[in-house]
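What the coordinates show
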Amino acid sequence: AATACRADGLWLIALQLVASLAHSRTAPDVTSFNAVVAACQTGGQWREAMAIMEGMAKASIQPNSATCGAVVSAAEKGGQWQWALQVVSAAQGQGPGVDTITYNAAMSACLRVGKWGEALGLMENLVSSSL
């Protein structure tokens, strides 16, 4: 159901669905959280996407590359290049790693606001990571 909400950008409903799972016998997993993060991304809700990723850690659910990509894309859509860089940095250091899609979203976030140096640094990281 949360995935269907993603397609329509119904991020609030997706968020409520995952919250209701926490109170039922069915515990949310990385797939459920990813669907909600993606719905937030589609709906332009970067703050909520970041909060959900933080909530995953509190629930002992490890974000994966899809989580990071959706959060970075949400930050990019919201003009939040600093948050995009922070997520990329955290994922490189201790998380699931960063894929090409996530790098591209982070570079786009930087380029939207004229942060050419940061975008170039991401490009260099991408090339050196052999993705």
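**Side note on helix H8 (residues 116–128)**
- With 13 residues, H8 extends 18 Å from end C-alpha to end C-alpha; this agrees with the ideal 18 Å at 1.5 Å per step.
- Restricting attention to buried positions, one finds in H8 the residues Ala119, Leu122 and Leu126. Mapping the buried residues of H8 onto a view down its axis gives an arc of 60 degrees, with all of them on the same face. Opposite the buried face of H8, by more than 90 degrees, sit the exposed residues Gly117, Leu120, Val127 and Ser128.
- Contacts made by the buried residues of H8 are with helix H6 (81–93) and helix H7 (100–112).
- In the segment just after H8, Ser130 is the residue with positive phi, at about 60 degrees.

**Details of the confidence of the model for the protein**
- For the protein, per-residue confidence averages 81 on the pLDDT scale, and residues scoring 70 or more make up 77% of the total.
- The weakest mean pLDDT in the protein belongs to helix H1 (residues 2–8) at 44; the strongest belongs to H7 at 95.
- pLDDT under 50 marks residues 1–8. Its contacts with residues more than four places away, or in other chains, come to 16 contacts.

**Some points on the pattern of salt bridges**
- Counted under the stated rule, the structure contains one salt bridge.
- Close ionic contact of Glu76 with Arg112 constitutes a salt bridge, the shortest N to O distance being 2.9 Å. Within this pair, whereas Glu76 is found in helix H5 (residues 65–77), its partner Arg112 is found in helix H7, the two being separated by 36 residues in sequence.
- In this structure Glu76 comes out as buried when scored by relative accessible area, which is 10%.

**Overview of helix H3 (residues 30–42)**
- If you check H3, its first and last C-alpha atoms are 18 Å apart, about what 13 residues at 1.5 Å a residue would give, namely 18 Å.
- Within H3, 10 of the 13 residues are buried, which leaves the element mostly enclosed by the surrounding structure.
- If you check which residues of H3 are buried, you get Ser32, Phe33, Asn34, Ala35, Val36, Val37, Ala38, Ala39, Cys40 and Gln41.
- Gly44, located one to two residues past H3, shows a positive phi value of around 70 degrees.

Rules and cut-offs
Residues numbered from 1 in each chain as written. Predicted model: local features only at pLDDT ≥ 70, side-chain atom pairs only at ≥ 80, totals over all residues. Heavy atoms only, no water. Helix = DSSP H or I, 4+ residues; strand = E, 2+ residues; numbered from the N terminus. Expected span 1.5 Å × (residues − 1). Buried < 20%, exposed > 50% of the residue type's maximum accessible area, 1.4 Å probe, protein only. Arc of directions from axis to C-beta. Contact = heavy atoms within 4.5 Å. pLDDT = per-residue confidence, 0-100. Salt bridge = Lys/Arg side-chain N within 4 Å of Asp/Glu carboxyl O.

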